[in-house]
Amino acid sequence: MKNYQPFQLFLILLGALILLFIISPLLGMFLKTSPASLFETAKEAEVAGSIWLTIWTSMAATLVFALAAIPLSYLLARKSFPMKKLVTGIIDLPVVIPHSAAGIAILGFVSRDTVLGKMGSAVGLNFVGNPAGIAIAMAFVSIPYLINAARDGFAGVSERTEKAALTLGASPSRVFFTISLPLARRNIISGLILMFARGMSEFGAVIVVAYHPMITPVLIYERFGAFGLKYARPVSVLFILISLTLFIALRMLSPDNRIFTSGQKKKDQ
Amino acid sequence: MLELKNISVRAGDFSLREISFTVSKGDYFILLGESGAGKSMVLETIAGLVSPASGEIVINGKEVTGEKIQKRGIGLVFQDYAIFPHLTVSENISYSLHGRKLSHQEKKKKVLVIADQLNISGLLDRRPSSLSGGELQRVALARTLIQDPHVLLLDEPLASLDSRIKTELRSLLRKIHRQGQTILHVTHDYEEALSLGNRIAVIDNGAIVQSGTPEEVFRNPRSEFIAHFVGVRNFFPAKIIRENGSTKALVDSLSVNIFTQEKEASGFILIRGEDIILSNEQIDSSATNNFEGTICEITPTVKGVDVIIDAGIRFHALVTPGSVTHLELTEGKKIWLHFKATAVKFIPA
């Protein structure tokens, strides 16, 4: 048995308090929700539809935006360019601004009288009150998680390995797809899961852009406002359970178990 | 074959200045220099990974200074091997065959042939993480050689290997060279340079300070770096023979006692100048090499006084100015020189 110094015991005590702080409210909510009420809630079409909407809009936002975010991460990891720090700061902006404010900004960006809104209207798509608007709001607040994780992943890939591929006759695009991307995949997958999770849990930005159709965080808020804590609780528990199952499944399918640790350096050799 | 004409490269505080040398077809060319001298940058410039500020690179008569990396016909083996960790050995070796007009079977056959040559046939399905340093180096060589490069560039290929593996790989590199491969090899190890190279260029602080055959460079060092190995001036082509139960190195007609495990081999012997003791009379000591000779030249250097003695071959002894006075050393004087068999180092060629 390892002997702990008093200071280490003090640190462990502080850590335990923090864990308790996180676990207690969740545990309390779970304990106060009966399996019967959970089952009844799960049968409600509105709830099931809302959870499904939340999952697919966040998934779509993650996958669509990843197509441009991953190459941007590569640029940030590999290239030096003027005002790179400013670009990095801009990428982190969605994390630091209030999400309701972000929602207002997005609404101004996608509403019918804007360029994007007009382009959408031309093809019969109205972003406001539409899953496409929800996905945009989710992507706005969650994309920094993907970019930062992928950038760390690419930075951890040895440049020599990429140079070796170039000397073996590979074009820069082949080097990217066969060397850099596979070697950074753990961080990229970690970033994708974080972005997906963050998108699913978004409330502030989405409620401004699209109150309807209702994603689950909005539904929970509405039930709480209209019927009180007791009616909001089963939806919350159900949503948490489904989210957890989803993330554990993704975690098990991912090539590395530490998917929630962004920024880990990949061992290169 | 490969010609560098006044190549200059700037990278932060460091720069390569007016680098010029020629590697002829079939050469084993060594670029020798200390860490930070710019050796790797020369290789990366030739390969196209670094762009020169001025100068020209010519390969097989064609100027390739602005040519794409993949069009240069150069194979570069990095110091840390840069093996792709997510691919198997076989996938690593066949990486450069992508896009070539070869069938799957032809590609497979090429991989098997090169793997057989480099003695790694048993490793083809393995992951790089399970390989030793020597095995990784062989994989890196196979991956590069499968492209049939005009010139094989090697960046400190033996630097991080233990001595047994080093010896094996030196033999392998000699074999590859004998098969007609032109090689440009950079190293900081003068023994490696002597053991493998037929041409040597010495690079110091971003500039070539000397080039020529190993004999020319080591006998007449024109840089501090070479002079640092002043003992290397006692550097003679030799043949190891067994005579009356003892091992000797034959240098021309002179027979030098040597302590080595080698039997019947050709190469070079090295004796450090500071390991040679001078005396006016023959002395009885543990030194089994005792020769009488005539002093040809006495030259003060920063490391001591370099006394050149002709005893059938010309030895350089490094002594203090005090010893020069004490022994009354003058040019033309007869003198005895002594050194132990264990002070003679053999480098197989």
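Quick notes on the rules
Residues numbered from 1 in each chain as written. Chains lettered and ligands numbered in written order. Predicted model: local features only at pLDDT ≥ 70, side-chain atom pairs only at ≥ 80, totals over all residues. Heavy atoms only, no water. Helix = DSSP H or I, 4+ residues; strand = E, 2+ residues; numbered from the N terminus. Contact = heavy atoms within 4.5 Å. Patch = residues over 30% accessible without salt bridge, like charges linked within 9 Å, V, L, I, M, F, W, Y side chains within 5 Å. Areas by Shrake-Rupley, 256 points an atom, 1.4 Å probe, with all protein chains shown as cover. Salt bridge = Lys/Arg side-chain N within 4 Å of Asp/Glu carboxyl O. Buried < 20%, exposed > 50% of the residue type's maximum accessible area, 1.4 Å probe, protein only. Buried area = accessible area lost by both parts, 1.4 Å probe. Domains from an automatic or database assignment. Polar contact = N/O pair within 3.5 Å; in protein donor to acceptor, adjacent residues only side chain to side chain. Axes fitted to C-alpha atoms, helices over the stretch in contact; angles between N-to-C directions. Parallel < 35°, antiparallel > 145°, perpendicular 65-115°, else oblique. Left-handed = near helix turned anticlockwise from the far one by under 90°. Nonpolar A, V, L, I, M, F, W, Y, C, P; charged D, E, K, R; others polar. Pairing = 2+ DSSP bridges. 1 Å grid on protein atoms, 1.4 Å probe; cavity = no way out; pocket = protein on both sides within 12 Å on 5 of 7 lines; lining within 4 Å. Points joined across faces, edges and corners; volume = space filled by probe spheres on them. Core = buried A, V, L, I, M, F, W, Y, C linked by side-chain atoms within 4.5 Å. pLDDT = per-residue confidence, 0-100. Expected span 1.5 Å × (residues − 1). Bend = angle between axes of the 7 residues up to and from the residue. Phe/Tyr/Trp six-rings, centres within 6.5 Å; stacked < 30°, edge-to-face > 60°. Lys NZ or Arg CZ within 6 Å of the ring centre and 35° of its normal.

A. A look at the side chain of Arg198(A). Position of Arg198(A) among the secondary structure elements: in helix α10 (residues 185-200). Beyond its immediate sequence surroundings of up to four residues, Arg198(A) is in contact with His99(A), Val141(A), Ser142(A) and Tyr145(A).

B. Representation of a nonpolar patch on the surface. Residue and element names in this part refer to chain A. Taken together, the side chains of Ile18, Leu19, Phe21, Ile22, Ile23, Leu26, Leu27 and Leu31 present a nonpolar region at the surface, about 840 Å² in accessible area. Here Ile22 is to be found in helix α1 (residues 6-31). The exposure class assigned to Ile22 is partly exposed, which follows from its relative accessible area of 47%.

C. Representation of the interface of chain B and chain A. Contact residues are listed per partner, giving 22 residues for chain B and 20 residues for chain A. When chain B packs against chain A, close to 2,000 Å² is buried across both sides, 61% of that on carbon and sulfur atoms. Summed over the three residues of chain B that lose the most area to chain A, namely Gln70(B), His86(B) and Tyr95(B), the buried surface amounts to 31% of that side. Where chain B packs against chain A, one counts 2 salt bridges. A salt bridge links Glu44(B) to Lys163(A); its shortest N-O distance comes to 3.1 Å.

D. How the structure looks around the domain arrangement of chain B. All names here are of chain B. You can read the domains of chain B as domain 1 (2-228) and domain 2 (235-348). Distance from the C-alpha centre of domain 1 to the C-alpha centre of domain 2: 36 Å. With 11 residues of domain 1 in contact, the opposing surface of domain 2 contributes 9 residues. Summing both partners gives a buried area of about 850 Å² for domain 1 against domain 2, and 60% of it is carried by carbon and sulfur. Contact with domain 2 buries surface across domain 1, with Glu191, Leu194 and Arg219 losing the most and accounting together for 54% of the total. Run the count over domain 1 and domain 2 and you get 0 salt bridges. Our enumeration of links across domain 1 and domain 2 arrives at 0 residue pairs in polar contact (both at pLDDT 80 or more).

E. Seen up close, the packing of helix α4 (residues 84-96) of chain A against helix α7 (residues 131-155) of chain A. All names here are of chain A. For the pair α4 and α7, the least separation of the axes is 7 Å and the interaxial angle reads 135°. Relative to α7, the element α4 is oriented oblique. Our pair here, α4 against α7, has a crossing hand that is left-handed. Taken together, the residues of α7 that come into contact with α4 (itself represented by Thr88, Ile91, Asp92, Pro94 and Val95) are Phe140, Val141, Pro144, Tyr145, Ile147, Asn148 and Arg151. Within the contact of α4 with α7, the residues separate by chemical class into 8 nonpolar, 2 polar and 2 charged.

F. A look at the sheet that holds strand β19 (residues 334-339) of chain B. Residue and element names in this part refer to chain B. Strand order in the open sheet formed by 5 strands is β15-β19-β16-β17-β18, and the pairing between neighbours is antiparallel. Among the strands making up the open sheet, the edge pair consists of β15 (277-279) and β18 (314-319). The sheet shows a mean angle of 45° between the axes of neighbouring strands, taken without regard to direction.

G. Molecular detail of the layout of surface pockets. The computed volume of the largest pocket comes to approximately 340 Å³. Every residue lining the largest pocket is listed: Tyr74(A), Arg78(A), Lys79(A), Glu159(A), Glu162(A), Lys163(A), Leu166(A), Pro172(A), Val175(A), Leu49(B), Val50(B) and Ser51(B). Secondary structure elements with two or more residues in the lining of the largest pocket: α3 (45-78), α8 (159-167) and α9 (172-183) of chain A. Per element, the largest residue contribution to the lining of the largest pocket is 4 residues, and it comes from α8(A). For the lining of the largest pocket, the residue count by class is 6 nonpolar, 1 polar and 5 charged.

H. Spotlight on the environment of Leu107(A). Residues and elements named next belong to chain A. Counting through the fold element by element, Leu107 comes out in helix α5 (residues 99-110). Since its relative accessible area comes to 26%, Leu107 is described here as partly exposed. Sequence-wise, Leu107 and Ala205 are 98 residues apart; in three dimensions their C-alpha atoms are separated by 8.9 Å. Discounting chain neighbours no more than four positions away, the residues touching Leu107 are Val128, Val208 and Val209.

I. Geometry of the nonpolar core. Ranked by size, the top nonpolar core spans 62 residues in total, and within it Leu2(B), Phe21(B), Val42(B), Ile46(B), Leu153(B) and Leu184(B) carry the most contacts. Element by element, the count of residues in this core is highest for α7(A), at 7 residues. Those residues within four positions of Leu2(B) in sequence are excluded, and the remaining contacts are Phe21(B), Thr22(B), Val23(B), Ile46(B), Ile57(B), Val58(B), Ile59(B), Val151(B) and Leu184(B). Core analysis: the next-biggest nonpolar cluster, separate from the first, contains 46 residues, Tyr28(B), Ile120(B), Leu196(B) and Val217(B) among them.

J. Spatial organisation of the confidence of the model for chain A. Residues and elements named next belong to chain A. The pLDDT averaged across chain A works out to 89; a share of 94% of its residues lies at or above 70. No element of chain A has a lower mean pLDDT than helix α6 (residues 115-122), at 84, and none a higher one than α3, at 96. Counting contacts from residues 257-269, a segment whose pLDDT is below 50, to residues more than four positions away or on other chains yields 37 contacts.

K. Main features of the pattern of salt bridges. Enumeration according to the criterion identifies 15 salt bridges over all chains in this entry. In this structure, Glu202(A) engages Arg198(A) in a salt bridge whose closest nitrogen and oxygen atoms are separated by 2.9 Å. Comparing Glu202(A) with Arg198(A) shows no difference in burial state: the two are buried. As a salt-bridge pair, Glu274(B) and Arg272(B) come within 3.2 Å of each other at their nearest N and O atoms. Among the residues examined, Arg272(B) registers a relative accessible area of 46% and is labelled partly exposed. Connected through salt bridges with shared partners, the residues Glu44(A), Glu46(A) and Arg223(A) form a single ionic network.

L. Seen up close, α3(A). With 34 residues, α3(A) extends 48 Å from end C-alpha to end C-alpha; this agrees with the ideal 50 Å at 1.5 Å per step. Of all the bends in α3(A), the greatest measures close to 50° and is centred on Ala66(A).

M. Spotlight on the pairing of strand β17 (residues 304-310) of chain B. All names here are of chain B. Burial within β17 is extensive, with 6 of its 7 residues counted as buried. Two elements, strand β16 (residues 289-301) and β17, share 7 bridges in a ladder whose sense is antiparallel. Within the sheet, the bridge partner assigned to Thr301 lies in β17 and is Gly304. With antiparallel pairing between neighbouring strands as the criterion, β16 and β17 make up a hairpin whose turn holds 2 residues. Here β17 runs beside β18; their pairing, made up of 6 bridges, is antiparallel. Across the sheet, Ile309 pairs through a bridge with Phe315, a residue of β18.

N. Representation of the packing of aromatic side chains. Within this structure, the stated rule accounts for 14 aromatic pairs over all chains. When the ring of Tyr74(A) is compared with that of Phe176(A), the centres are 5.0 Å apart and the planes differ by 75°; the resulting orientation is edge-to-face. Here Tyr74(A), found in helix α3, pairs with Phe176(A), found in helix α9; they are 102 residues apart in sequence, far enough to count as distant. By relative accessible area, which is 13% here, Phe176(A) ends up buried. Site record: aromatic cluster; members linked through ring pairs are Tyr74(A), Phe154(A), Phe176(A) and Phe177(A). The ring of Tyr95(B) carries Arg174(A) above its face, with NZ or CZ at 3.9 Å from the centroid. A cation sits over an aromatic face here: Arg143(B) above Phe84(B), 4.4 Å from the ring centre.

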